[in-house]
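Chain by chain, the residues:
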Amino acid sequence: MSYERELNPLTFLREESDSGDGLFTDNGLFSDDVFARRRIPWKGIALAVVLLLAGALSILFGSIFLYSDVTADRHGFALLILGFLMFVPGAYHTVIAYKAFMGRPGFSFSALPEV
């Protein structure tokens, strides 16, 4: 059994990436686009921080309203639910942005939304 092509890893990878993703140039070497730094999505980070802060404030005020005698319990409960719905994604994306900014392995700005 004879093989028609030589088993070269670069050739194999170039054939796998025929989708035009820009990983290789015509001479088989990596293109500079692979090593280019990705832009930081500042709007997405700002949205995550706003969600984090608004969620924390809603949780704070919701718990105050829930346990005070001034307002009805349902308003405090609604603010707690709304606060958790804002706090969780805000905290998640803020942690990802912080770790990507600090250069921790496994975290990148590509996980953050483009706004």
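Quick note: structure is the one above.
Notes on the structure in this doc start here.

What counts and what doesn't
- Residues numbered from 1 in each chain as written.
- Predicted model: local features only at pLDDT ≥ 70, side-chain atom pairs only at ≥ 80, totals over all residues.
- Heavy atoms only, no water.
- Helix = DSSP H or I, 4+ residues; strand = E, 2+ residues; numbered from the N terminus.
- Buried < 20%, exposed > 50% of the residue type's maximum accessible area, 1.4 Å probe, protein only.
- Contact = heavy atoms within 4.5 Å.
- Areas by Shrake-Rupley, 256 points an atom, 1.4 Å probe, with all protein chains shown as cover.
- Core = buried A, V, L, I, M, F, W, Y, C linked by side-chain atoms within 4.5 Å.
- Expected span 1.5 Å × (residues − 1).

### Some thoughts on the overall build of the protein
The helix and strand tally for the protein stands at three helices and zero strands. Starting at the N terminus and walking to the C terminus, you meet the elements of the protein as α-α-α. Across the 115 residues of the protein, 19% fall into the buried class. Relative to all contacts within the protein whose residues are 6 or more apart in sequence, the contacts with residues 24 or more apart total 43%. A total of about 9100 Å² of accessible surface is found on the protein, and carbon and sulfur atoms cover 65% of it.

### Quick look at the side chain of Ser 58
On the secondary structure map, Ser 58 appears in helix H2 (residues 42–67). Ser 58 sits in the buried class, given a relative accessible area of 11%. Setting aside anything within four residues of it in sequence, one finds Ser 58 in contact with Leu 79, Leu 80, Gly 83 and Met 86.

### What about the nonpolar core?
Among the nonpolar cores identified, the biggest contains six residues, and these are Ile 45, Ile 96, Ala 97, Ala 100, Phe 109 and Leu 112. If you tally residues by element for this core, the top one is helix H3 (residues 73–102), at three residues. What Ile 45 contacts, discounting residues up to four positions off in sequence, is Ile 40, Ala 97, Phe 109 and Leu 112.

### So, H2
For H2, built from 26 residues, the straight-helix expectation of 38 Å at 1.5 Å per residue is met to within 8% by its first-to-last C-alpha distance of 38 Å. Of the positions making up H2, those classed as buried are Gly 44, Ile 45, Ala 48, Gly 55, Ser 58, Ile 59 and Gly 62.

Honestly, it's all geometry; don't read function into it.
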